[in-house]
Amino acid sequence: MAEYKPIRKVVSGNYAAAYAVKHARVEVVAAYPITPQTSIIEKIAEFIANGEVENLEYVPVESEHSAMAACIGASAAGARVFTATSAQGLALMHEMLHWASGARLPVVMVDVNRAMAPPWSVWDDQTDSLAQRDTGWMQFYAENNQEVYDGVLMAFKIAETVNLPAMVIESAFILSHTYDVVEMIPQELVDEFLPPRKPLYDLTNFERPFSIGALGTPADYYEFRYKIQRAMEKAKEVIHEVGKEFGERFGRDYSQMIELYRTEDADFVFMGMGSLMGTVKQAVDVLRDEGYKVGAAKVRWFRPFPKEELYELAKNVEGIAVLDRNYSFGMEGILFTEAKGALYNTNAKPIMKNYIVGLGGRDFTVSDVRKIAENMRAIIEKGELDVEVDWYHLKR
Amino acid sequence: MEIPENVKKRLSIPGDEHFYAGHTACQGCGASLGLRYVLKAYGRKTIFAIPACCSTIIAGPWPYSALDANLFHTAFETTGAVIGGIEAALKARGFKVKGEDGIMVVGWAGDGGTADIGLQALSGFLERGHDAVYIMYDNEAYMNTGIQRSGSTPYGAWTTNTPGGKRHFLEKRHKKKVIDIVIAHEVPYAATASIAYPEDFIRKLKKAQKIPGPSFIQLFAPCPTGWRSPTDKSIELARLAVQTAYFPLFEYENGKYKINMPSTKKEPKPIEEFLKYQGRFKYMTKEDIEVLQQWVLHEWEKLKKLAEIFG
Ligand SMILES: Cc1ncc(C[n+]2csc(CCOP(=O)(O)OP(=O)(O)O)c2C)c(N)n1
Ligand code: SF4
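What counts as what
Residues numbered from 1 in each chain as written. Chains lettered and ligands numbered in written order. Predicted model: local features only at pLDDT ≥ 70, side-chain atom pairs only at ≥ 80, totals over all residues. Heavy atoms only, no water. UniProt positions renumbered as here; feature names shortened; annotations may be inferred. Pairing = 2+ DSSP bridges. Helix = DSSP H or I, 4+ residues; strand = E, 2+ residues; numbered from the N terminus. Axes fitted to C-alpha atoms, helices over the stretch in contact; angles between N-to-C directions. Near = heavy atom within 4 Å. Polar contact = N/O pair within 3.5 Å; in protein donor to acceptor, adjacent residues only side chain to side chain. Areas by Shrake-Rupley, 256 points an atom, 1.4 Å probe, with all protein chains shown as cover. Nonpolar A, V, L, I, M, F, W, Y, C, P; charged D, E, K, R; others polar. Core = buried A, V, L, I, M, F, W, Y, C linked by side-chain atoms within 4.5 Å. Buried < 20%, exposed > 50% of the residue type's maximum accessible area, 1.4 Å probe, protein only. Domains from an automatic or database assignment. Contact = heavy atoms within 4.5 Å. Phe/Tyr/Trp six-rings, centres within 6.5 Å; stacked < 30°, edge-to-face > 60°. Patch = residues over 30% accessible without salt bridge, like charges linked within 9 Å, V, L, I, M, F, W, Y side chains within 5 Å. Salt bridge = Lys/Arg side-chain N within 4 Å of Asp/Glu carboxyl O. Expected span 1.5 Å × (residues − 1). Bend = angle between axes of the 7 residues up to and from the residue.

In the annotation of an unreviewed UniProt entry, chain B is listed under the name 2-ketoisovalerate ferredoxin oxidoreductase and assigned to Thermococcus thioreducens. In its Subunit (unreviewed entry) section, UniProt records this for chain B: "Heterotetramer of one alpha, one beta, one delta and one gamma chain."

Taking an unreviewed UniProt entry as the reference, chain A is identified by name as Ketoisovalerate ferredoxin oxidoreductase, alpha subunit belonging to Thermococcus thioreducens. Reading the Subunit (unreviewed entry) entry of the UniProt record for chain A gives the comment "Heterotetramer of one alpha, one beta, one delta and one gamma chain."

Shown next as structure tokens:
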């Protein structure tokens, strides 16, 4: 194994994604623009134009629905494929997301979290990706540009191992258009980590023709679903192994599906996903100095959901403040529902409160985290919730 | 089934069989015959993409398949995009696509999946210039969901959502000219074909195989179930559609039009000839038939002019 010397580049989250696509030696990219995703596919086009990548077929499709359909065709024909989108584009893909997981195709996509219209908004909000929760896609939420880059590389390896598609999610503008130092991995080391795809099946096998996606009668359909669930369970192990391997090779360990930050002796923790958690970690440092015993639990993988890791955490804390930059109308924040549900049949029963924050790109700062911490401390002291779901920023 | 050599020599279409008995099409289904011819022309080294339509079912439920070729079942509106993706993958992986010895990527979709919901993906496919063949089998309605109108349903036809009745609620629009929309993309090759003329169809399939870029074939495929016609009349109806110039056979190649049938020298047969045997036209009044006849002749004149000018 060659010695690892990272190449440091100052790039946006979107460029980090594009570089990862290049380093993963993707063979087919379907491209359709939508703000704030567009610079990913533009950067990939630039790589091709400059002769920096070979054997990459770039398919400039006429819609996101066709983007995913083209990815599915290409993946079924054995290629390593990629696309990227946001919000309305992801919603338009919805039908085809099921097709990718149902046909067990390891397509990898970056979704740049953007709020759904109306009203039109191009800013950060996780509802677009979380609304795809039940499509059978794995979902990785990146906190920063480095995690976007690392996430895409790992996503290919994990997806191709368990034969399920994977989404790497970054936040609009906060990551997509903000420049930061990213440590990139030299090509030969990426190649060692991520060898060429070995498809489970492949439409270029003409020895023994077969069909994919035929009518599944009630005698068989059920088992097809069960196998997807089994693959999701297996994905937890694979995520652990691949994340650990990544850490050993490149120094950044992703073996945990929930990254814990200063939680060892914490009374309560803030839980959330994505770029939000950068702010939270910073706030934890400040709050610790101020005498709060708090920590952060960053959910990296939302699908498969890290039930077991959540349980381990929940056993040892008195409260969990779940920060949702998303909403399921008629209910509550989506991560909140999931986290509560995951713990219901366990012995861990911390007080859990849902804070709806940052919808549509509303600023979320360290002082906001402090206010939430004050509120959480009061709730824990009293032993009961004031409200279960708190629309934190609401103008009253 | 092995066909003896001496018999093979007498056949005017390939004797090879890659579409097997046990498929689940209705009796007299034109679409299934069309699929059989495509497989005869292209053989096993073919990747099919078939969207939601009768053919999804015709091929058979998992784990069976009547097709002796690789088949990817896909969503209703995605045929153009999926074959584009398959072709891109084959190219990236270094396979030869199209041509005599290349892999054939074939989209096989109904008129609904082409003229209506799949039109956008078809357009994208044509415009991007993928090396693949798109075949629209035209049975003039959504048959798989139980005979509803499509953009390709003709004027005056009964369907389950243009049911005729007291207020004479029949299909009021003329058949959408999908092939004209295709030609507007300036594709290298587009043609109409009919299951009543298999030699012509197979010749066109072979041509589409040789010509680089996207090809499109609109195949006329009667559906006894949806047309309320006797199951033994499918071929005859398909032939009459051509002879009445209701569905003329022609080719468009690099800007040039060529009419194959009916003869441009003779008057086409009257449209009533085609309407007979078909329960779906039984609600038409005399005036309705005249409207359809005029439209057919008008379109026929247009096509003849095109062939004259751009022949
Ligand atoms: C998005 C979507 N809408 C509707 C359907 C239901 N559907 C399945 S097949 C079909 C009709 C297909 O008609 P056509 O393409 O003409 O082929 P045919 O059945 O006549 O062979 C419809 C409407 C679907 N599968 N997907
Ligand atoms: S309904 Fe029509 S097109 Fe469908 S299988 Fe039956 S005959 Fe063929």
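> Help me out: how do you make sense of the sheet that holds strand S4 (residues 81-85) of chain A in this one?
The pairing of strands in a sheet comes from backbone hydrogen bonds and takes either a parallel or an antiparallel form. All names here are of chain A. Taken in spatial order, the 7 strands make up an open sheet running S3-S2-S4-S5-S7-S6-S13, and their pairing is mixed. With one partner strand each, in any of the chains shown, strand S3 (57-60) and strand S13 (301-303) form the two edges of the open sheet. Each neighbouring strand pair of the sheet contributes to a mean axis angle of 20 degrees, computed without reference to strand direction. Where strand S2 (residues 28-31) lies against S3, 4 bridges are found, and the strand directions are parallel.

> Sorry if this is basic, but what is going on with the site of ligand 1 here?
All names here are of chain B. What surrounds ligand 1 is a group of 17 residues, the closest being Gly112, Gly113, Tyr137, Ala141 and Asn144. The side chain of aspartate 111 places a nitrogen or oxygen atom 3.2 Å from an oxygen atom of ligand 1. Interatomic distance of 3.0 Å between a side-chain N/O atom of asparagine 139 and an oxygen atom of ligand 1. In the complex, the protein chains occlude 77% of the 580 Å² of accessible area that ligand 1 would expose alone.

> Quick question: what am I supposed to make of the site of ligand 2 here?
All names here are of chain B. Surrounding ligand 2, one finds Cys26, Cys29, Cys54, Ile58, Asn139, Met143, Cys223, Pro224 and Thr225. Breaking the shell around ligand 2 down by element, the ones donating at least two residues are helix H3 (54-58) and helix H9 (224-227). Here the shell around ligand 2 is built from residues that sort into 7 nonpolar, 2 polar and no charged.

> Is there a simple way to think about the nonpolar core in this case?
One recurring pattern in soluble globular proteins is that nonpolar side chains are buried together. Ranked by internal contacts, the top residues of the largest apolar core, which has 162 residues, are Met68 of chain A together with Phe48 and Phe274 of chain B. There are two domains that each give this core at least three residues, and those are domain 1 (7-250) and domain 2 (258-391) of chain A. Other than its neighbours up to four places away in sequence, phenylalanine 48 of chain B contacts Leu35, Val38, Leu39, Leu67, Ala69, Asn70, Leu71, Phe72, Val106 and Trp108 of chain B.

> What is the right way to look at the sheet that holds strand S15 (residues 351-356) of chain A in this model?
All names here are of chain A. Strand order across the open sheet formed by 6 strands is S10-S12-S11-S14-S15-S16, with mixed pairing between neighbours. Looking along the sheet, the strands with just one partner apiece sit at the ends: strand S10 (258-261) and strand S16 (389-391). Taking each pair of neighbouring strands and ignoring which way they run, the sheet shows an average axis angle of 20 degrees. Where S15 meets S16, 3 bridges bridge the pair, whose relative direction is parallel. Among the inter-strand pairings, tyrosine 355 is bridged to a residue of S16, identified as aspartate 390. In the packing of helix H9 (residues 276-289) onto the sheet, the strands contacted are S10, strand S11 (268-272), strand S12 (294-299) and strand S14 (319-324), and the crossing angle to S12 comes to about 165 degrees.

> It is not clear to me how the environment of leucine 359 of chain A should be interpreted in this structure. Could you clarify?
Residue and element names in this part refer to chain A. Tracing the backbone shows leucine 359 in the loop between S15 and helix H12 (366-382). Taking the C-alpha atoms as reference points, leucine 359 and aspartate 191, separated by 168 residues in sequence, lie 39 Å from one another. Residues contacting leucine 359, with those up to four places away along its chain left out, are Asp124, Asp125, Asp324, Arg325, Asn326 and Trp391.

> Explain the UniProt feature "domain: Thiamine pyrophosphate enzyme TPP-binding" (unreviewed entry) in chain B here, please?
Here the UniProt feature "domain: Thiamine pyrophosphate enzyme TPP-binding" (unreviewed entry) sits at residues 92-218 of chain B. A distance of 29 Å separates the end C-alpha atoms of residues 92-218 of chain B, which is 28% helix and 18% strand.

> When you look at the packing of aromatic side chains in this model, what are you seeing that I'm missing?
What characterises a pair of aromatic rings is the spacing of the ring centres plus the angle enclosed by the ring planes. Per the stated rule, a full pass over the model turns up 30 aromatic pairs over all chains. Between phenylalanine 220 of chain B and tryptophan 227 of chain B the ring centres are 5.6 Å apart and the planes differ by 50 degrees, which places this aromatic pair in the tilted class. Like phenylalanine 220 of chain B, the residue tryptophan 227 of chain B is buried in the burial classification. Centroid distance tyrosine 246 of chain B to phenylalanine 274 of chain B: 4.5 Å. Interplanar angle 25 degrees. Geometry classified as stacked. Linking tyrosine 246 of chain B in the loop between helix H10 (234-243) and strand S7 (249-253) with phenylalanine 274 of chain B in helix H11 (residues 271-275), this pair joins segments that are 28 residues apart in sequence. Among the aromatic residues, those joined into a cluster by ring pairs are Tyr4, Phe140, Phe193, Phe246, Phe250, Tyr254 and Trp301 of chain A.

> Got a minute to help me understand a nonpolar patch on the surface in this structure?
Residues and elements named next belong to chain A. A surface patch of nonpolar side chains, amounting to about 300 Å² of accessible area, comprises Val10, Tyr179 and Val181. The residue tyrosine 179 is located in the loop between strand S7 (166-171) and strand S8 (180-184) in this model. Here tyrosine 179 falls in the partly exposed class, since its relative accessible area comes to 47%.

> Can you help me understand helix H8 (residues 221-250) of chain A in this one?
Two residues of an α-helix separated by three or four positions point the same way, owing to the 3.6 residues in each turn. Residues and elements named next belong to chain A. Between its first and last C-alpha atoms H8 spans 42 Å; for 30 residues at 1.5 Å apiece the expected length is 44 Å, and the two agree. Of all the bends in H8, the greatest, near 25 degrees, is centred on alanine 235. Taken from the residues just after H8, glycine 251 is the one with a positive phi, measuring 85 degrees.

> Hey, could you run me through unusual backbone geometry in this one?
In most cases, non-glycine residues show a negative phi, while peptide bonds are predominantly trans. Between tryptophan 62 of chain B and proline 63 of chain B the backbone carries a cis peptide bond, its omega angle lying at 5 degrees. Within the secondary structure, proline 63 of chain B sits in the loop between H3 and strand S2 (70-73). Omega for the peptide link from methionine 261 of chain B to proline 262 of chain B comes to -5 degrees, which places this bond in the cis form. Turning to its location among the elements, proline 262 of chain B is positioned in the loop between strand S8 (256-261) and H11. Phi at asparagine 163 of chain A is positive, roughly 60 degrees, even though this residue is not glycine. Looking at the secondary structure, you find asparagine 163 of chain A in the loop between helix H6 (145-162) and S7. Its relative accessible area of 12% is what places asparagine 163 of chain A among the buried residues.

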